[in-house]
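Commentary on secondary and tertiary structure
Next come the chains, spelled out residue by residue.
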Protein chains: 2
Amino acid sequence: MVSQHTSRGPAPHGHVTLAQVAQRAGVSAQSVSNALNNPDRVAPETRKRILAAVAELGYEPNLSARALRNRSSSLIAFKMRPSRPDKASLLMDDFLYALNAAAVEAGYHLILCHAEDGQAGEIKAYRDLLKKTSIDAFILAETHRNDDRVAALRSWGVPFASFGRSWDGDDSLAWVDVDGRAGTRAATEHVAAQGHRRIGHIGWPAESELGQERREGWLEACRQRDLETDLQAAVVDSLEAGRQAAHRMLDSSRPATALVCASDTLALGVMRALHERGLRPGVDVAITGYDDSPTAALVSPGLTTLRQPIDEVGRHLIQAVDRLMAGDTRDPQHVLLEPELIVRGSSLPGPRTREP
Amino acid sequence: MVSQHTSRGPAPHGHVTLAQVAQRAGVSAQSVSNALNNPDRVAPETRKRILAAVAELGYEPNLSARALRNRSSSLIAFKMRPSRPDKASLLMDDFLYALNAAAVEAGYHLILCHAEDGQAGEIKAYRDLLKKTSIDAFILAETHRNDDRVAALRSWGVPFASFGRSWDGDDSLAWVDVDGRAGTRAATEHVAAQGHRRIGHIGWPAESELGQERREGWLEACRQRDLETDLQAAVVDSLEAGRQAAHRMLDSSRPATALVCASDTLALGVMRALHERGLRPGVDVAITGYDDSPTAALVSPGLTTLRQPIDEVGRHLIQAVDRLMAGDTRDPQHVLLEPELIVRGSSLPGPRTREP
DNA sequence: GCCAATCTTTTTAACGTTAAATCCCAGGAG
DNA sequence: CTCCTGGGATTTAACGTTAAAAAGATTGGC
């Protein structure tokens, strides 16, 4: 079906041009352009004839020419970050896939940025890219308070949206985010429902808005059930940090029986600590993570965690910039999505292991 | 340093054009173009003046205009695949990052494709993209015997290179690959050096050229040391399949004491099986994986595995298409890189756990 | 001091598209 | 019958770049 008649047109490079379609339909090139872009400027009868010719020749508008003429390339740029070895692949892979799918769906293409790490380098990369390619929009990830990138993009007047809230309470920023507070609350309530009363939290330092958000979810859930909230740690996001924090909380005089973590990486550190103490995840101590990284499903027992609705995130981000590009800047999109609790063995008391 | 003088030029959209530089330097636009692209066609003195003007105005050539004129966009396209939930993120993330870094380094940009799964959909996506954007080159991943994509791209005369060998012995294909045979051999020799004599292999079905390659590495190492090779399994790449295969090999009358796997996913399945039997990875049974997925470093004990030199792969792929674009088609690049054995606890006999 | 040969620079045209201006023609008002 | 109106088409010009052709400047030979 697809590849039966690949080379029907006589064009040299497989390119069919507007002029060729025009000739075929017996009209001017401009009329073809109009027929496609401003349907009501051309008589219905003519339009039909033109569309037939378009279909017949398999015409596709040349994006370079369009970009040149319109100063708009239908390209959306995104900068990847190198994945850190210690981290459980922060779902960049899936995010990128989802974002690209949504972009293509909406008639755009995703182009990747590259920059030295650090704000300055990233901003420079954006500017260079803008200078030479008339990028239509940018997608940012992991924005934080007083983000220079936001300031820069805004000062240039380029449409952009962010995966991650504006923590400055800046309503003019379009963002899509996942509700870490609700997610962590759900995880905490889940382990509480298993009968746990000493529920600790291992999260990130207070500078991290995201971490703060997640910690508050845990706090809320604990307070609502009159549970103590003395077992908490604020550490960097690494397996080793999680491991050490877990040991501390288990060495306590009234040790934790459940540990709610701000990331899968930390939760895996907890699992390692349990392993070292000969304790069984789920059976002896309940553990929950956050992100549903691939690892979460692969460890034994599986790690209970929160899955971000990443497809939705992608779709909404594209929709947000799409709207901005259409000139609708009066009411930037703010979308807060709910993560989904994925329950696995690490938080269930059921027997998971055969004793030797 | 970077953002101090962002808006120096008087241009409306921040775009500096060739004509503006020309005027500044007191020459024609063409001379500026020449000074940048054909340095020897312009007198040294003039060139100096022009370059000064270029630097002063911060001129960057407009890629859309170039693309239109030259039929070449300096874009390289790559199609992502959705990550399967069960698989330990097959390093797509890192690969993409490395590929993009190399592309930017070489003056290109990476653009992402999107297509329905399946060969036909992918080919159609390539053709559409080609039709409307004059992509310079394509990068393929996971090519296999009789790959339709290879045939299609070749028939269109587009430069492309593949991450993964041509298994048809087709020398005209430019590829970069990692030597799975050598890698698996190294892993096998490593466990043999720990004193293991019953070394099993869990790999993929014979249809998979990649799997076949890895299996042969194990076979070679075993034969060289006169070890039996009866313990082998060919299964799909999933944790569950690895788990079941491991159980079979441990239920054998002369059970395996070491298991060499074709992927981290399979190896994690083995770890789960051991866990179910109350056996300790490393101590009781040695395990090795393949890919050094993020998970490998995060499980307890860490998983011994093979790391693909992904940065190198990216660099060589870009170099390969770069060369093809320069018209040098007579001698397509074939690059076979060595993976690196990463030794972790899963293959070491040392005590890894504190008994309760 | 004149012509040819060479080196350097400018002019012209084109890549494919589209906004803006222009042209054309049927139908209605005066 | 002329003039105006306006929908519907076409022409013009421009987006920024570069290959090719043309023009201009410089040098050397005789």
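Residues numbered from 1 in each chain as written. Chains lettered and ligands numbered in written order. Predicted model: local features only at pLDDT ≥ 70, side-chain atom pairs only at ≥ 80, totals over all residues. Heavy atoms only, no water.

1. Remarks on helix α11 (residues 264–277) of chain A
Residue and element names in this part refer to chain A. Using the following cut-off: Numbering of helices and strands runs from the N terminus; a helix is a DSSP stretch of H or I covering at least four residues, while a strand is a stretch of E covering at least two. Each helix should span, by expectation, one fewer than its residue count multiplied by 1.5 Å. Distance and chemistry together define a polar contact, namely a pair of N or O atoms within 3.5 Å, with one atom able to donate a hydrogen and the other to accept it when in protein, and with adjacent residues in sequence counting only for side-chain atoms on both sides.
The end-to-end C-alpha separation of α11 is 20 Å, in line with the 20 Å expected for 14 residues at 1.5 Å each. For α11, the capping residue at the N-terminal end is Ser263, with a side-chain oxygen 3.3 Å from the backbone nitrogen of Thr265. At the C-terminal side of α11, Gly278 shows a positive phi close to 70 degrees.

2. Observations concerning empty space enclosed by the protein
Summary: where empty space remains is shown by rolling a probe the size of a single water molecule over the atoms. Here is the rule: A pocket here means an open set of points on a 1 Å grid, computed over the protein atoms alone, that has protein on both sides within 12 Å along at least five of seven lines. A cavity is instead a set of points where a 1.4 Å probe fits but cannot get out; residues with an atom within 4 Å of a point line either one. Grid points are joined across faces, edges and corners, and a volume is the space filled by probe spheres set on the points.
Considering all chains together, one arrives at one cavity of 30 Å³ or more under this definition. Counted as a void, the largest cavity has a volume near 180 Å³. Ser64 and Leu75 of chain A together with Ser64, Ser73 and Leu75 of chain B are the residues nearest the centre of the largest cavity, which is lined by 13 residues in total. For the lining of the largest cavity, the elements supplying multiple residues, two or more each, are α4 (63–70) of chain A together with α4 (63–70) of chain B.

3. Quick word on the relation of the copies chain A and chain B
Rule in force here: Copies are brought into register by a least-squares superposition over C-alpha atoms of residues with pLDDT of at least 70 in both. Contacts: residue pairs with any heavy atoms within 4.5 Å of one another.
Mapping chain A onto chain B calls for a rotation angle of 180 degrees and an axial translation of 0.1 Å; the resulting RMSD is 0.1 Å. Interpreted geometrically, this transformation is the action of a two-fold axis. Across chain A, the rotation axis passes nearest the C-alpha of Ile111 of chain A, at a separation of 2.2 Å. By residue overlap, the copies meet face to face through one surface: 100% of the interface positions of chain A are interface positions in chain B.

4. Digging into the packing of aromatic side chains
Residues and elements named next belong to chain A. What counts, and what does not: Between 30 and 60 degrees the pair is tilted, below 30 it is stacked and above 60 it is edge-to-face, where a pair is any two Phe, Tyr or Trp rings, Trp via its six-membered ring, whose centres lie within 6.5 Å. Here the term buried applies to any residue with accessible area under 20% of the maximum for its type, exposed to any over 50%, and partly exposed to those in between, with areas from a 1.4 Å probe on protein chains only. We count a charge as sitting over a ring when the NZ of a lysine or the CZ of an arginine lies within 6 Å of the ring centre and within 35 degrees of the ring normal.
Across all of its chains, the model carries six aromatic pairs over all chains by this definition. With a centroid separation of 4.7 Å and 55 degrees between ring planes, the pair formed by Tyr126 and Phe138 is classed as tilted. Taken as a pair, Tyr126 in helix α6 (residues 119–133) and Phe138 in strand β3 (residues 137–141) lie far apart in primary sequence, twelve residues in all. Neither residue differs from the other here; Tyr126 and Phe138 are each classed as buried. Sitting over the face of the ring of Trp175, Arg165 holds its NZ or CZ atom 6.0 Å from the ring centroid.

5. Re the UniProt feature "domain: HTH lacI-type" (unreviewed entry) in chain A
Counted only if it meets this: UniProt positions are given in the numbering used here, feature names are shortened, and annotations may be inferred rather than shown by experiment.
As annotated by UniProt and renumbered to match this structure, "domain: HTH lacI-type" (unreviewed entry) occupies residues 16–70 of chain A. Each end of residues 16–70 of chain A is marked by a C-alpha atom, and these two atoms are 20 Å apart; helix forms 71% of the span and strand 0%.

6. Regarding the protein's contact with DNA strand D
Operational definition: Residues are labelled near a given molecule or strand when at least one of their non-hydrogen atoms is within 4 Å of it. We call Asp, Glu, Lys and Arg charged. Ala, Val, Leu, Ile, Met, Phe, Trp, Tyr, Cys and Pro are nonpolar, and the rest, Gly among them, are polar.
Taken together, 22 residues sit near DNA strand D, with Ala43 and Thr46 of chain A together with Leu18, Tyr59 and Arg66 of chain B positioned nearest. Backbone atoms, meaning sugar plus phosphate, form 57% of the atoms of DNA strand D positioned within 4 Å of the protein. In this structure, a phosphate oxygen belonging to DNA strand D sits 2.4 Å away from a side-chain N or O atom of Tyr59 of chain B. Within the side chain of Arg66 of chain B, a nitrogen or oxygen atom sits 2.6 Å from a phosphate oxygen of DNA strand D. Put simply, the parts of the chain that give the surface near DNA strand D at least two residues each are α2 (29–37) and α4 of chain A together with α2 (29–37) and α4 of chain B. Examining the composition of the surface near DNA strand D, we find that four residues originate from one element, α4 of chain B, more than from any other. A class-by-class count of the residues in the surface near DNA strand D yields eight nonpolar, ten polar and four charged.

7. Brief notes about the protein's contact with DNA strand C
Close contacts around DNA strand C come from 23 residues, with Leu18, Tyr59, Arg66 and Arg69 of chain A together with Thr46 of chain B the closest. Counting only the atoms of DNA strand C within 4 Å of the protein, the fraction contributed by sugar and phosphate is 58%. A distance of 2.4 Å separates a phosphate oxygen of DNA strand C from a polar side-chain atom of Tyr59 of chain A. Within the side chain of Arg69 of chain B, a nitrogen or oxygen atom sits 3.2 Å from a base nitrogen of DNA strand C. Only α2 and α4 of chain A together with α2 and α4 of chain B provide two or more residues apiece to the surface near DNA strand C. Examining the composition of the surface near DNA strand C, we find that four residues originate from one element, α4 of chain A, more than from any other.

8. Focus: the state of the cysteines
Which entries qualify depends on this criterion: Disulfides are defined as pairs of cysteine sulfur atoms found within 2.5 Å of each other.
Counted under the stated rule, the structure contains zero disulfides over all chains. No disulfide involves Cys113 of chain A; its nearest neighbouring cysteine sulfur is the one of Cys113 of chain B, lying 18 Å away. The closest cysteine sulfur to the non-disulfide-bonded Cys222 of chain B is located on Cys261 of chain B, 13 Å from its own sulfur.

9. With respect to the interface of chain A and chain B
In plain terms, the rule: Buried area counts how much accessible surface, traced with a 1.4 Å probe, disappears from two parts once they are put together, with both parts' losses summed. Salt bridges are counted wherever a side-chain nitrogen of Lys or Arg sits within 4 Å of a carboxyl oxygen of Asp or Glu.
Taken together, the 66 residues of chain A in the interface contact 66 residues of chain B. In this assembly, chain A packs against chain B so that about 6300 Å² is buried in total across both faces, 59% of it on carbon and sulfur atoms. Sorting the residues of chain A by area buried against chain B places Tyr97, Lys131 and Leu298 of chain A first, and these three jointly supply 12% of that buried surface. Here chain A is connected to chain B by two salt bridges. For Glu60 of chain A, the salt bridge goes to Lys132 of chain B, with nearest N and O atoms at 3.9 Å.

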